[in-house]
Each structure stands twice: as C-alpha cells, then as structure tokens.
Amino acid sequence: MATLNPVAPSIAAPPSPAAAPAAVRPRVRWWVIRGTLPRPVFLMLAVAGMLLPLLLWWAWTTFGDPDPVFMPSPGAVFARILRWWSEEGLIGDIWISVYRVMAGFFASALIALPLGLYIGSYRPVQAALEPLTDFIRYMPAVAFIPLVMLWVGIDESAKVLIIFIGTFFQMVLMVAEDVRRVPMAQIEAAQTMGANRGEILKLVILPSARPALLDTLRITCGWAWTYLVVAELVAANSGLGYAILKAQRYMHTDKIFAGILLISLIGLLTDQSFRWLHRRAFPWLHKR
Amino acid sequence: MSPSKIRIRHVGKRFERDGAAVEALHDVSLELCANEFVTFVGASGCGKSTLLRIIGGLETLSSGEISVDGRCIDGPGIDRAMVFQHYSLYPWLTVMQNIKFCRQLKAIADTVRSDSDVEIASGRADALLNLMGLSAFEKAWPNQLSGGMQQRVAIARALMPRPEILLMDEPFGALDAQTREVMHDLIRHVHQLEKSTILFVTHDVEEAIYLGSRVVLMAPRPGRIDTVYEVPLPAERDQDMKLAPEFIALKREILARIRETSGMRTDFELLEQLTRQAPAEA
C-alpha cells in the first residue's frame, strides 16, 4: 500500500496543457453500424443521391441519343411540365388529384383510427374483425373498379372510394399494431391509480400511441398516392393520374414522366410535412 | 400488534401454458400489519411478482382470498399503488404532469370535494417533487432523466393519491449499485413519512434485508412461501448496518436457502467441481 501512495496523486492530476496539442484528432469513422454522420456530410450525400440518377438520365439522353418516345430528356420533361402548367391546366389536375387522395385518405383515417384503437385494445373486437380485415386487405384494389362503378357510379365518390379501399384495411391493421405496442406497464400504472377503461384509452393508450399513429398516417398517405392512377382509371377527365393514362394512349412519354415526377414530388412534400409535424407535436421524442 | 392490514389466505394461482397446467402460487398465506415494510425474495419462478400483482388487482387468483382492511380485493384500487421496474412513466408528460396524472381520473376526482382539497393536492404534488429531489426537473420529460430519477418520479406518482399500500415490483432492478443505495434510504424515509404499508419484491437479498422488517422467502415449482425471516435490525437503519454480523449472517442464511429451493443445484455442483480443478492445474 505504502508504495502505491506516491503514485496515486500523479494519476489523479489533470493532464498538463502542454500535452493537449499532441492529442490525435479523432478519425472520422463513417462505417460504424448505426453510427453518426456530421450534418453537412449527410446533406451532401442526400443531395448527391438525388442528383446522381438525374445526371445519369441526362447523360444518357444527351450522349446516348435514344428515341424520345422511348426515353425523353430531362429538359424535354421539364419543358412539358411548363407547358402543362401554362396551357393544359396543371394546377387544376394537381388540385383535383390532391383532393381525391386526401378525401380517400382522411375517410379511411377517420374510420381506421377508432376501429384500430378498439381492435388493439379489446380482444373480442380483435377476434371479430382482425381476420376479416387481414383477408380483405389482400383483395386487389384495382379489381374493385368494375364493382365500384356498378355500386356507386362514376362520379368523384367512386375515385375516393378506390383510394379508400386501397388504404383503409392496411391502415386499420397498422393502427391496431401501434396501439398494441403501448407498454403494458403504462396501462397497469394507470389501473393501479384507479383509472377506468375509458380513461385508460383516452389518457394513456391514445397519447402513448400518438407518435406511432402519426407515422402510420404518413406511410399510408404515401400508399394513398400510389392508388391515384388506379382511382383515375374510373371515368376521370382530370387529375394527374388521368393525365398519365391519357399520355400513355398518345405515347406522350414526356408527359408520363412529368406526371410520375409530379406525383412523387407531391408525395415527398406530404411526407416531409408529416415529419415536420412529428417533430413539432412530439418534442419529448426529439429533445434530449 | 395492530390488526392485520392485508390478509392473504390460501391463495393459489394456476394457468395453462402450452397445454400444461402451471401452478404459479400454491396455498400462500400471510398477514401484514399496517405500516409494515415486507420484502419478498426467491428464485425466479417462485411467484413473488405474481403475488404482488394479484394484491395490486392486476391479476386474478385461482383460489383463496386476499383482504385489505377486512374487504376482499376485486381488481385494482386507489388504496393500493404500484411501482414497476420500468417503462411505466408517461413520456409525453413532464415530470410534474406525471406526478399529477391521477388527478384527472374520476376515481380520484370524486375524493376531492372542495377548493381546499385541490389546494392540498397541489401542495402534495410540490411536496413529493421536493421529497424526491426533483424540484429542478419539474418541467423535464422523463427521457431527459437518469434511470434513478425516473424511478423517483414513478414513486412520487404512485404516492400522489395517498395510497395506504405501496406495491413495488423490483423498482430498483435496473439501477446501478450506487443509485440503488440512495434509493434505499429514500424509500425508507418515505415509508416513515407516509406511514404506508410497503410490499417490496426484489431479487437482491441485501436490498430485501436492509429495507424490510420481515423478509419473505418464496420457493418455485409450485410458487409458495418457504420461510419468513424477522430482520434483527432496529427500525432506524443506515448503510453501515450492512456490515453488521447479524446482517451478514441473515444474508448468508437466506442466500443458502434460495440456492436450496431454486432447483439449480447441479449448476452449483458443476461450478464447485470447476473451482476445485482449477488450483490443481495451476
């Protein structure tokens, strides 16, 4: 022991300032599993990832010189979007498509949220409805078009209904799963404080599942957009999906490209809005 | 001795798992006095958590009965609060909102009759916040706190409706040793201050002896009470007592008994064999 004593203080002493500059700069390690990346590097890579396919597309159409009907150039597609906007009523097409997607999406959310809440919370509801929902969700939404036309006609509600059919059943199951993921300890803690069933649903399960539910809405909203073209197969005469279908008939490849890009752009914007909302609405998840 | 606060009589719990009947609890009987601090230890599968959850009303019993103040329990009640090992705080609420959570519940609101009751309740929330040393974190979210602080919030929240019985299911199991020691003295302080009856389940024998006035040792297959030990320490305790001979003797006795009842003897024999061989090779 006595021999150790003189050594101890020198170990405890802080390193002298002179030694500090000798410290090696930490090596940047990108390939750590689930590691971190400096924000500028992340953004740079994200932009590069987006631009690279565009660049390849441009290079091919410029130097490869393919038939424009087969593969139009980015410039041609961009010019087409401008022409669509100025002469062919792009804004109207966007508006009606957004309306159809959102109507179908909100209608399914309106029913799927409470239904999923009950399926995820009460076993009898789950037993009665989940197998059925699971069964229906594998039915192809496209194949419902003739039935939808037969039952509800060919007006707006038919298009909204197709989007509803495409998203609703998936959404119910995902909402039920979100609700089931609420930790049992959170529920039991409320029970031991004397909460009744209604209070547990309202004050524990719903607020606890809210972040997951918003994510579910974000993902299913994306799916709703993918059903737009299908929905506008039903006797539409406007909308982005309809424009794509019509361009297909006349081999306007540039307009097909334009339509596809516009739909994905709107989808991306919706997605980002949901993410922004997530950060705003659930600060406790994003603040440490 | 004061009359029994909790009376557990011939409690059995059976359930089916993969078609086979499992007897989680077999003929468990125990009486607890008001303001008693009883700890439960035992090998895994001995049913100590199950017993606690049945008392808390979170699980049903198959036979026997449990009464609190002479009334049989039927489901959870505000007279019995429970503290869980983890994941029980509400991450979307601040520390203070977590502690005050029960005030939005009808069962609690019904007990509040006048403005002065409301004032007393607010004062109590503040007092609990101070008691748990959390006044600086009133507006923090649970995930901004350390594990020990989170458990202090959980305890404060459980104490908020003035429960007469506090059920604690391995509340410090996920904490590091130093934090755990601080929590031990805190919970003993709470026990004396609140005059509550505490049932405390743990797998840590030292914790069980330091906290409890009695240590209930349970044994598995079927889950049952094996031995009840009176802790030979004064009501006022400090960390030094963990080194007292009677403390160590009791700890040794309980550990040996857990080993005997755990049904894992072969493992110990194997381990002993290995340690006997090791010096020979060296």
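Shown above is the structure to which this text applies.
Cut-offs applied
Residues numbered from 1 in each chain as written. Chains lettered and ligands numbered in written order. Predicted model: local features only at pLDDT ≥ 70, side-chain atom pairs only at ≥ 80, totals over all residues. Heavy atoms only, no water. Core = buried A, V, L, I, M, F, W, Y, C linked by side-chain atoms within 4.5 Å. Buried < 20%, exposed > 50% of the residue type's maximum accessible area, 1.4 Å probe, protein only. Contact = heavy atoms within 4.5 Å. Helix = DSSP H or I, 4+ residues; strand = E, 2+ residues; numbered from the N terminus. Pairing = 2+ DSSP bridges. Axes fitted to C-alpha atoms, helices over the stretch in contact; angles between N-to-C directions. Salt bridge = Lys/Arg side-chain N within 4 Å of Asp/Glu carboxyl O. Buried area = accessible area lost by both parts, 1.4 Å probe. Polar contact = N/O pair within 3.5 Å; in protein donor to acceptor, adjacent residues only side chain to side chain. Parallel < 35°, antiparallel > 145°, perpendicular 65-115°, else oblique. Left-handed = near helix turned anticlockwise from the far one by under 90°. Nonpolar A, V, L, I, M, F, W, Y, C, P; charged D, E, K, R; others polar.

Draft legend 1. Up close: the nonpolar core. Judged by nonpolar contacts, the single largest core of 148 residues is most densely connected at B:I8, B:I187 and B:I254. The contacts of B:I254, once residues within four sequence positions are left out, are B:V41, B:V205, B:I209, B:V215, B:L217 and B:Y229.

Draft legend 2. Broad picture of the environment of A:F282. Residue and element names in this part refer to chain A. Among the structural elements, F282 can be located in the loop between helix 12 (253–281) and helix 13 (283–286). A C-alpha to C-alpha distance of 29 Å links F282 and R123, two positions 159 residues apart in sequence. F282 has contacts with R210, P211 and L214, leaving out every residue within four places of it along the chain.

Draft legend 3. A look at the sheet that holds strand 1 (residues 4–17) of chain B. Residues and elements named next belong to chain B. Read from one edge of the open sheet, four strands run 2-1-4-5, paired in antiparallel fashion. Whereas interior strands pair on both sides, the edge strands pair on one side only; in this sheet they are strand 2 (20–33) and strand 5 (71–72). When strand 4 (residues 63–68) meets strand 5, the two strands line up antiparallel, connected through two bridges. Residue pairing in the sheet places V68 in a bridge with R71 of strand 5. Contacting strand 1, strand 2 and strand 4, helix 1 (residues 48–55) runs over the sheet at an angle of about 65° to strand 2.

Draft legend 4. Quick peek at the pattern of salt bridges. Residues and elements named next belong to chain A. Per the counting criterion, the structure on display carries 31 salt bridges over all chains. For R80, the salt bridge goes to E88, with nearest N and O atoms at 3.1 Å. Notably, a salt bridge pairs K159 with E156, separated by 4.0 Å at the nearest N-O pair. Residue K159 and its partner E156 are both found in helix 7 (residues 156–180); the two are separated by three residues, about one turn of the helix.

Draft legend 5. Broad picture of unusual backbone geometry. All names here are of chain B. Omega for the bond connecting R221 with P222 falls within 30 degrees of zero, at -10°, which places this linkage in the cis form. Mapping P222 onto the fold places it in the loop between strand 9 (214–219) and strand 10 (224–230). The residue D27 is not glycine, and still its phi comes out positive at about 45°. Note on placement: D27 falls in strand 2. You will see that Y87, though not glycine, has its phi angle at about 60°, which is positive. Mapped onto the secondary structure, Y87 falls in the loop between strand 6 (80–83) and helix 2 (95–99). The exposure class of Y87 is exposed, given its relative accessible area of 60%.

Draft legend 6. Inspection of the interface of chain B and chain A at higher detail. Listed as interface residues are 28 residues of chain B and, on the opposing side, 21 residues of chain A. Counting the surface lost from both chain B and chain A, the interface buries some 2200 Å², and carbon and sulfur atoms represent 65% of this. With a shortest N-O distance of 2.5 Å, B:R53 and A:E188 are connected by a salt bridge. Between chain B and chain A we count six residue pairs in polar contact (both at pLDDT 80 or more) in total.

Draft legend 7. Highlighting the packing of helix 5 (residues 123–136) of chain A against helix 7 of chain A. All names here are of chain A. It is at 9 Å that the axes of helix 5 and helix 7 come closest, and there the two elements cross at 135°. Here helix 5 is positioned oblique relative to helix 7, judged by the angle of their axes. The crossing of helix 5 and helix 7 is left-handed. Facing Q126, E130, T133, D134 and I136 of helix 5, the residues of helix 7 in contact are F169, V172, L173, A176 and R180. Residue classes in the contact of helix 5 with helix 7 are distributed as five nonpolar, two polar and three charged.

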